[in-house]
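Residues per chain are reported as follows:
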Amino acid sequence: LHDALPIYYNKRLFMTDIDIKTIPLTSITPKKSLELLSPTEVVALKKRGHGSHYRAFRECALAILNVDSQLDDAKTILEAFPDFDIEIVQQDRGIRLNLHNAPATAFVDGEMIASTREMLFSALRDIVHNEAAKNNKRFNLTTSAGISDYVFHLLRNAKVLYGGENPGLVVCWGGHSISDVEYSYTKEVGHSMGLRGLNICTGCGPGAMKGPMKGATIAHAKQRINNARYLGLTEPGIIAAEAPNPIVNELVILPDIEKRLESFVRLSHGIIIFPGGVGTAEEFLYILGILLHPDNKELPFPVILTGPASAKEYFEQLDQFILATLGEKARKHYQIIVDDADQAARTMRSKIDEVMHYRYNNNDAYHFNWQLNIDLSFQQPFIPTHENVSQLELRKDMPIHTLAANLRRVFSSIVSGNVKASGIATIEKYGPYQISGDPEIMEPLDGLLRAFVKQQRMKLPGVTYKPCYELV
């Protein structure tokens, strides 16, 4: 039986023997970043009540320390290390973190892996700054312009905005639970893009988020590119389910999924979408809804869906879903390239050149897409309570960018119920979400979700999936 099991399942089967090992005590200090915190910030971090800075940082830190984790369930990871604790110590020269019972996988011969240490202090930086910025009266979070200004401020504080560079940052979206064939293909595409000097930005986790980065590292080495970027964007609710992969050399934790999604599209010059599940569908609907807004009809923004030959049916299903719900107009905003990694990379390189010429001619920044209009419905946080989900309107007579926004919220809710600790707890307490709408929308939605379940795109392979939703 052991020899017959797939490799990924062996990891799951025996991870209890490997990943639960801990280091009783270790002490680390930052390098190059976050050298100082004020006494007020340290005091705030030490408070341990519900909703505190400490609680948010502990959960993010535990996810980072579980680098390359094979779990995709935030609740399970948090419960696996109940004794994990962080003591924040202020010193004259900065701060020190004393970690108690940290996962042993983050260490080599007693020393914490360098990338893990960097990401820990990136998380601390963002947890402290995000809250301070949110409470700053300078930012009006009730307007679209105010939210975009807030996102810009967060990214600038994280030092990921490079004003002098030509466009070349490609966002890669796709599932964290994909087959070996699909994962290998993401590496091929990443390699082809890396050879063309393109940098990679993903959600920072495993699967289709890790593969392009891994492929690009080899290509960048071949081209002697020493300042390559592997940017990872995440948020506290998802990071435990999609622990950062060690290739990430710039990590940013945004306050919520809406700020994370806006960061993706403001920073990027093009998007590659690999096979995935509901999270990938959420991201796809997000960018489609933005591009379908009348104010963005002339703005070039390449979106390419690509995967191996085995993913052809997946893309056909997704394409038919878009046609049935948003119509033919939506299809002009993306291109599907199957089983041709070089063509996908060549096309993206060519399209990004068009983006550069457009921004140059229109005096728009290369590092932050200010001209892209993002409607407030895509920016305001959606809390996936049962009441909010049941009240989502899914009607064919709605403006298509508004329908896309609400469909995005449906998939966001399912992501929450599948992998986020808060969402899992909500489903356990109140049962599945109730989703309703026009039959012309509900029938293709039902077909797509059933296909995701059948193809094991809802959870990691080897896990029986129990739906967190019911279509009414």
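Residues numbered from 1 in each chain as written. Predicted model: local features only at pLDDT ≥ 70, side-chain atom pairs only at ≥ 80, totals over all residues. Heavy atoms only, no water.

1. Considerations on the overall build of the chain
A tally of helices and strands in the chain yields 18 helices and 14 strands. In terms of C-alpha radius of gyration, the chain reaches 21 Å, essentially the compact-globule figure of 23 Å for 472 residues. With the C-alpha coordinates aligned to their principal axes, the bounding extent of the chain is approximately 60 × 55 × 50 Å. Relative to all contacts within the chain whose residues are 6 or more apart in sequence, the contacts with residues 24 or more apart total 76%. When the accessible surface of the chain is summed, it comes to about 20000 Å², and 51% of that surface belongs to carbon and sulfur atoms. Positive and negative charge centroids in the chain, built from 50 and 54 side chains respectively, lie 4 Å apart. (Helix = DSSP H or I, 4+ residues; strand = E, 2+ residues; numbered from the N terminus. Rg over C-alpha atoms; globule rule 2.2 N^0.38 Å. Contact = heavy atoms within 4.5 Å. Areas by Shrake-Rupley, 256 points an atom, 1.4 Å probe, with all protein chains shown as cover. Lys, Arg positive; Asp, Glu negative; His and termini not counted. Charge placed at Lys NZ, Arg CZ, Asp CG, Glu CD.)

2. Focus: the confidence of the model for the chain
Here the chain shows a mean pLDDT of 87. Residues at 70 or above account for 90%. Per-residue pLDDT, averaged within each element of the chain, yields its smallest value for helix α1 (residues 7-19) (36) and its largest for strand β11 (residues 303-307) (98). (pLDDT = per-residue confidence, 0-100.)

3. Some remarks on unusual backbone geometry
Look at Lys 159: it is not a glycine, yet its phi comes out positive at around 60°. Among the residues examined, Lys 159 registers a relative accessible area of 63% and is labelled exposed. Of note in the backbone geometry, Asn 363 takes a positive phi value of approximately 55° without being a glycine. Positionally, Asn 363 belongs in the loop between α14 (341-361) and α15 (386-390). Under the relative-accessibility criterion, Asn 363 is labelled exposed at 73%. (Buried < 20%, exposed > 50% of the residue type's maximum accessible area, 1.4 Å probe, protein only.)

4. Quick word on the environment of Thr 22
With respect to the element layout, Thr 22 can be found in strand β1 (residues 22-28). Sequence separation between Thr 22 and His 100 is 78 residues, and the spatial gap between their C-alpha atoms is 8.5 Å. Excluding anything up to four places from it in sequence, Thr 22 contacts Phe 81, Asn 101, Ala 102, Pro 103 and Ala 104.

5. Notes on the sheet that holds β11
Read from one edge to the other, the open sheet built from 7 strands follows the order β9-β8-β7-β6-β10-β11-β12, with strand pairing classed as parallel. Of all strands in the sheet, those with a lone pairing partner are β9 (250-253) and β12 (335-338), marking the two edges. Averaged over all neighbouring strand pairs, the angle between strand axes comes to 25°, with direction disregarded. Here 4 bridges tie strand β6 (residues 169-173) to strand β10 (residues 270-273), and the two strands are oriented parallel to one another. Of the residues in β10, the one forming a bridge with Val 171 is Ile 271. Across the face of the sheet, helix α10 (residues 257-267) comes into contact with β6, β7 (199-202), β8 (230-234) and β10 while running at roughly 150° to β8. (Pairing = 2+ DSSP bridges. Axes fitted to C-alpha atoms, helices over the stretch in contact; angles between N-to-C directions.)

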